[in-house]
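In case you want the letters, here they are:
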Amino acid sequence: MSAPDLLEAWGSHLALARRRSPHTVRAYVATAARFLAVLPPPHDWPSLAKLEVGDVRTQMAARRADGIGNVSAARELSALKAFLAFARTQAGGADAPPPRLRGPRIKKGLPRPVTPDDAVNLAAMVADEGGEPWIGARDRAVLLLLYGAGLRIAEALSLTAAALPLGDTLTVTGKGGRQRVVPILPIVKAAVEDYAAKVPFPLDRSAPLFRGAKGGPLAQAMIQRAVARARTVLGLPATATPHALRHSFATHLLGAGADLRSLQELLGHASLSSTQIYTKVDAATLLDVYRNAHPRA
């Protein structure tokens, strides 16, 4: 068995059995490929199953020498451990744990939401800066789905034209293939309908809803660039990203009285602990308001 065979099997396992996102599959396969590149042959499952902590530590030390930070190192270590656990399963040692190695401590930062006005202004600005009317309408529709319905950008871009015409709710497939139903606000519905009326490509039910300039699936990078240009014009900080709009959706709902369980369902979080971070975000926002407004703050 060759290294490409191992990587193909690993990628298929991640995509089909683990149902990881394409981005995660690419990252995990790339990590495994770097690891295999420095390992002496033979490259097969039994050999990988015999690797010890020292082998993983050596690879991580080399990656640190390349200049990767704590967050990247933690992700790389997680990918390596998962790859070696898979190797042991493939070699018939399902009960044998992979090498134990503790990753760097990662300090969790709070999400940085934008204000409701900034969210709407950002969506309006990308529409104005879109170049062609249909592209501006497309970018605005995507951003309003993130802010108005709490979608991840990958979830919005994975929608097909079968979602049309939008109703009062939308069924979304999120991480791990989990489906959830989210409400659609009139402003979001109108934005998507405006885009659908202007897009110059046929919207077959099985085709992607949001298209790139040449008619293919719209890439996340195009939305990220549009937002980067718009926030520069509006004078917004670098933290005003497409994903920040999803944070804003959650923070503003929580501030308006939404309970955590309902918010968990709307966001598609697998566990409540992922949603609880927004209680800290809301508290941080209130503290900022207090400090800026109170005469004794």
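Attention here is on the structure that accompanies the text.

Among the structural elements, Ser47 can be located in helix 3 (residues 45-49). The partly exposed category is assigned to Ser47, whose relative accessible area is 25%. Along the backbone, Ser47 and Ala87 are 40 residues apart, and their C-alpha atoms lie at a distance of 8.7 Å.

Here we take up the nonpolar core. Core analysis: the largest hydrophobic core is formed by 43 residues, its most contacted members being Leu145, Leu151, Leu170 and Phe210. Where this core is concerned, the elements lending two or more residues are helix 6 (116-128), helix 7 (133-149), helix 8 (153-157), strand 1 (169-173), helix 9 (186-198) and helix 10 (220-234). When neighbours within four sequence positions are excluded, Leu170 is seen to be in contact with Leu145, Leu159, Ala163, Arg180, Val181, Val182 and Ile184. Of all hydrophobic cores here, the second largest spans 26 residues; its members include Trp10, Val25, Ala79 and Leu84.

The subject of this paragraph is the packing of helix 6 against helix 10. Here helix 6 crosses helix 10 at 110°, and the two axes come no closer than 9 Å. Judged by the angle between their axes, helix 6 and helix 10 are roughly perpendicular. The interaxial crossing formed by helix 6 with helix 10 has right-handed handedness. For the pair helix 6 and helix 10, the contacting residues are Asn121, Leu122, Met125 and Val126 in the first and Ala226, Val227, Ala230, Arg231, Val233 and Leu234 in the second. Looking at the contact of helix 6 with helix 10, its residues break down into eight nonpolar, one polar and one charged.

In this section: the pairing of strand 2 (residues 179-183). On strand 2, burial follows the alternation: Arg180 and Val182 on one face are buried, whereas Gln179, Val181 and Pro183 on the facing-out side are not. Summarising the sheet, strand 1 and strand 2 pair through five bridges and their orientation is antiparallel. Residue pairing across strands places Val172 opposite Arg180, the latter belonging to strand 2. Connecting the antiparallel pair strand 1 and strand 2 is a turn made up of five residues, with Gly176 showing a positive phi of about 70°.

Here we take up helix 5 (residues 70-90). Its 21 residues place the ends of helix 5 30 Å apart at the C-alpha level, agreeing with the 30 Å of an ideal helix rising 1.5 Å per residue. Ala73, Glu76, Leu77, Ala79, Leu80, Phe83, Leu84, Phe86, Ala87 and Arg88 are the residues of helix 5 that are buried. The inward-facing, buried residues of helix 5 abut helix 1 (3-17), helix 2 (22-38), helix 3 and helix 4 (53-65). Following helix 5 by one or two positions, Gly92 has its phi on the positive side, about 90°.

What follows deals with unusual backbone geometry. Between Pro41 and the following residue, Pro42, the backbone shows a cis peptide bond with an omega angle of 10°. Inspection of the secondary structure assignment puts Pro42 in the loop between helix 2 and helix 3. Cis rather than trans, the peptide bond between Leu164 and Pro165 has omega equal to -10°. Inspection of the secondary structure assignment puts Pro165 in the loop between helix 8 and strand 1.

The rules behind the values
- Numbering of residues starts from 1 in each chain and follows the order in which that chain's sequence is written.
- Local features in a predicted model are, by the rule used here, given only for residues with pLDDT of at least 70; side-chain atom pairs are given and counted only at 80 or more, and totals for whole chains, interfaces and linings are based on all residues.
- Values reported for side chains reflect all heavy atoms of the structure, with hydrogen atoms and water molecules removed beforehand.
- What counts as a helix is a DSSP run of H or I of at least four residues, what counts as a strand is a run of E of at least two, and both are numbered from the N terminus.
- Per-residue accessibility, obtained with a 1.4 Å probe over protein chains only, is compared with the maximum for each type, and a residue is labelled buried under 20%, exposed over 50%, and partly exposed between these values.
- Nonpolar cores are built from buried Ala, Val, Leu, Ile, Met, Phe, Trp, Tyr and Cys residues. Side-chain atoms within 4.5 Å join them into one set.
- Between two residues, a contact is recorded if the distance between any of their heavy atoms is within 4.5 Å.
- In this analysis an axis means a line fitted to C-alpha atoms, helices contributing only their contacting stretch, and an angle means the value between N-to-C directions, from 0 to 180 degrees.
- Our angle categories are set so that under 35 degrees counts as roughly parallel, over 145 as roughly antiparallel, 65 to 115 as roughly perpendicular, and the remainder as oblique.
- In this scheme the crossing of two helices becomes right-handed for a clockwise turn of the near helix relative to the far one and left-handed for an anticlockwise turn of less than a right angle.
- Residues were grouped as follows: Ala, Val, Leu, Ile, Met, Phe, Trp, Tyr, Cys and Pro as nonpolar; Asp, Glu, Lys and Arg as charged; and all remaining residues, including Gly, as polar.
- Between any two strands, at least two bridges found by DSSP are needed for them to pair.
- Multiplying one less than the number of residues by 1.5 Å gives the expected span of a helix.

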